[in-house]
Each structure stands twice: as structure tokens, then as C-alpha cells.
Amino acid sequence: MERVTLQRENIYTGNLILVNRAYGYAGEGAEDLEPVFRDSPDILIRRRAARLLDRLMGKMNGWRKIVPVSGWRSGKEQREIWDHSLAQSGREFTEKFVAYPGHSEHQTGLAIDLGLKQENIDFICPDFPYEGICQLFRQKAVEYGFIERYPSGKEEITGIGHEPWHFRYVGVPHAGIMTQENLTLEEYISFLKRFPYGRKAYSFDGNGVRVRVSFLEAEQGETTVFEVDGEYPYTVSGNNVDGFILTQYGTKGN
């Protein structure tokens, strides 16, 4: 067994951090940023997400008809967008489609807004329909770790209006689990608490590999210590709320 020690601040890092009205982004910025597409050098997301997004677009020749609209934003930029939207569109629209500064997924570097390529693109609400190449992207995105973050019918849960254009990188297998279970990130964070580490794990089979996902509550002190079977690869992400999500990878039958 391998002994793992996590610091309290690790709660606020990882691909599965929940950032919304209730839970703000604890970081000052985002690390490992790079352009999502060579023709849009100023639109950045985190490196792994950017490379997987570009790989997906390459498979479907997506950059012919789809453009990146908005990626990582600094806290200052998010404040400017919020204030401008308030002045131009009013509070009801702004609260529906613009996250409050400090509470935006865009500040994490894990979110990307995409739009159908056309002459005029709305920066706040770009057109990304449920047909054609946009729908093809939506269908394939889960295989690369992306989810449509704010789906229709879940507005009361996410606190944000339906945004067909906003995608969030959560990684594999989590995008697949969330899609299979029809869960938003808010629901997924709560759902995983039914699978406490060391007692029960959620099992998911994908591409010939069995994955086990479980929740580890952060201890009250400065560190959380646990043991994991080091024979198989694993990852740990904070949830930005109260603990960690442990993902263990092993071959089928193990």
C-alpha cells in the first residue's frame, strides 16, 4: 500500500473542483495555460484540456465551422464582463448568463465557450445549436473529458441559465459517468459522497478498463492521510467543497 498525504489547500485544486455561486474559485489564476487553437492565440485553457480539445477538433475537422469564443479569464476581466453586462443588459440577464466575479469557471482555466463560425458572434451567448457539427462535437466531447456544463432543465441546480455553448473539462472517466447518470457537476459532487473511500466505490467500465471512483472527506487538520493500492494508477482531485475525489484505474476483473 502507498501512503498519501494531502494538504488542506489541495481541496481547491484539480479537474473536478466545483465553482459556482456557493463556492468561489480559491486560486489567483490558472496554471499551464496554452491556446486552444493556433488561430486564436489569446484564448487559453489549461494545457491538457487544450490538447484534448484540439485533438477532438482535429478528428472531426471541427475548427472549419466552430470557433473558440472565451476561455480563461482573470478575476479583473470577469469583473469587467459582469459590470458591462449589468450596464448593457440588466441584472436579470447578467445573473442568468454571467457568473459573479470570483465564482466563474472561466477563472479556473477548465472552461471553454464555443460558437458556430459566422460573421457576428455574441460573446456572452454564442450560437451553438443542437444540430450539425455542433451536435457532433457535443456527442464526442465526453470521450475527451468535456461536459456541457449548464444543460436545460438543471438551471435551479447550477444557478446558471441554459448555456449550450459552455463546456467544462472534468476529465475521463468523469465526463462519461456524469453523462451516463445525467448529472451536473453539482449533482456529481453530492452523488460521489455515497461512495466513501475504503468502504464502497463507484465502478465504471470504459475502453476495456475498470475505473473506481470514491470520495475522501478532508480531515479537520492541515493534512489528510490515507493509503491506496499503488499497484494501479490513480489520480486525486479536490472538489472545492469539503474533500477529495479518488480515481483508481485497473484492468477488468481486478
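Anyway, here's the lowdown on the structure attached to this text. On a predicted model such as this, the values are computed, not experimentally measured, just so you know. (Residues numbered from 1 in each chain as written. Predicted model: local features only at pLDDT ≥ 70, side-chain atom pairs only at ≥ 80, totals over all residues. Heavy atoms only, no water.)

### Things to note about the packing of helix α1 (residues 47-60) against helix α3 (residues 132-141)
Here comes step 1: Here α1 crosses α3 at 130 degrees, and the two axes come no closer than 11 Å. Comparing the axis directions of α1 and α3 gives the class oblique. Crossing angle aside, the handedness with which α1 passes α3 is right-handed. Two secondary-structure elements touch here, α1 through Leu-53, Leu-56, Met-57 and Met-60 and α3 through Ile-133, Leu-136, Phe-137, Lys-140 and Ala-141.
Here comes step 2: A breakdown of the residues in the contact of α1 with α3 according to their chemical character gives eight nonpolar, no polar and one charged. (Axes fitted to C-alpha atoms, helices over the stretch in contact; angles between N-to-C directions. Helix = DSSP H or I, 4+ residues; strand = E, 2+ residues; numbered from the N terminus. Parallel < 35°, antiparallel > 145°, perpendicular 65-115°, else oblique. Left-handed = near helix turned anticlockwise from the far one by under 90°. Contact = heavy atoms within 4.5 Å. Nonpolar A, V, L, I, M, F, W, Y, C, P; charged D, E, K, R; others polar.)

### With respect to the packing of aromatic side chains
Here comes step 1: Inspection of the entire model under this criterion finds 13 aromatic pairs.
Here comes step 2: Ring geometry for Tyr-197 and Phe-226: centres 5.6 Å apart, planes at 75 degrees, overall edge-to-face. Of the two residues, Tyr-197 sits in the loop between α6 (185-191) and β8 (202-206) while Phe-226 sits in strand β10 (residues 223-228), which places them 29 residues apart along the sequence.
Here comes step 3: Within the aromatic cluster, the residues linked to one another by ring pairs are Tyr-188, Phe-191, Phe-195 and Tyr-202.
Here comes step 4: For Arg-138, the ring lying beneath its charged end belongs to Tyr-130, and the centroid distance is 3.8 Å. (Phe/Tyr/Trp six-rings, centres within 6.5 Å; stacked < 30°, edge-to-face > 60°. Lys NZ or Arg CZ within 6 Å of the ring centre and 35° of its normal.)

### Topic: empty space enclosed by the protein
Here comes step 1: One pass over the structure, following the stated rule, counts one cavity of 30 Å³ or more.
Here comes step 2: Space inside the largest cavity adds up to approximately 150 Å³.
Here comes step 3: Around the largest cavity, the lining is made up of 17 residues, and of these Arg-73, Phe-97, Val-98, His-106 and Glu-163 lie nearest the centre.
Here comes step 4: Elements supplying a minimum of two residues to the lining of the largest cavity: α2 (75-97) and β7 (163-169).
Here comes step 5: Residue composition of the lining of the largest cavity, grouped by class: nine nonpolar, four polar and four charged. (1 Å grid on protein atoms, 1.4 Å probe; cavity = no way out; pocket = protein on both sides within 12 Å on 5 of 7 lines; lining within 4 Å. Points joined across faces, edges and corners; volume = space filled by probe spheres on them.)

### A short note on unusual backbone geometry
Here comes step 1: Between Val-172 and the following residue, Pro-173, the backbone shows a cis peptide bond with an omega angle of 15 degrees.
Here comes step 2: The backbone phi angle of Asn-61 is positive, close to 55 degrees, even though this residue is not glycine.
Here comes step 3: Exposure remark for Asn-61: the relative accessible area of 41% places this residue in the partly exposed category. (Buried < 20%, exposed > 50% of the residue type's maximum accessible area, 1.4 Å probe, protein only.)

### Description of the pattern of salt bridges
Side chains bearing opposite charge may pair, as long as their charged atoms lie close to each other.
Here comes step 1: Evaluated as defined, the whole model comprises 14 salt bridges.
Here comes step 2: The partner of Glu-80 in a salt bridge is Lys-76, with the nearest N and O atoms 2.6 Å apart. In this pair, Glu-80 and Lys-76 are both assigned in helix α2, four residues apart and thus about one turn of the helix distant.
Here comes step 3: For Glu-80, a relative accessible area of 43% gives the class partly exposed.
Here comes step 4: Between Asp-205 and Arg-210 there is a salt bridge whose closest N-O contact spans 3.3 Å.
Here comes step 5: Its relative accessible area of 25% is what places Arg-210 among the partly exposed residues.
Here comes step 6: The network of salt bridges with common partners includes Asp-32, Glu-34, Arg-47 and Arg-51. (Salt bridge = Lys/Arg side-chain N within 4 Å of Asp/Glu carboxyl O.)

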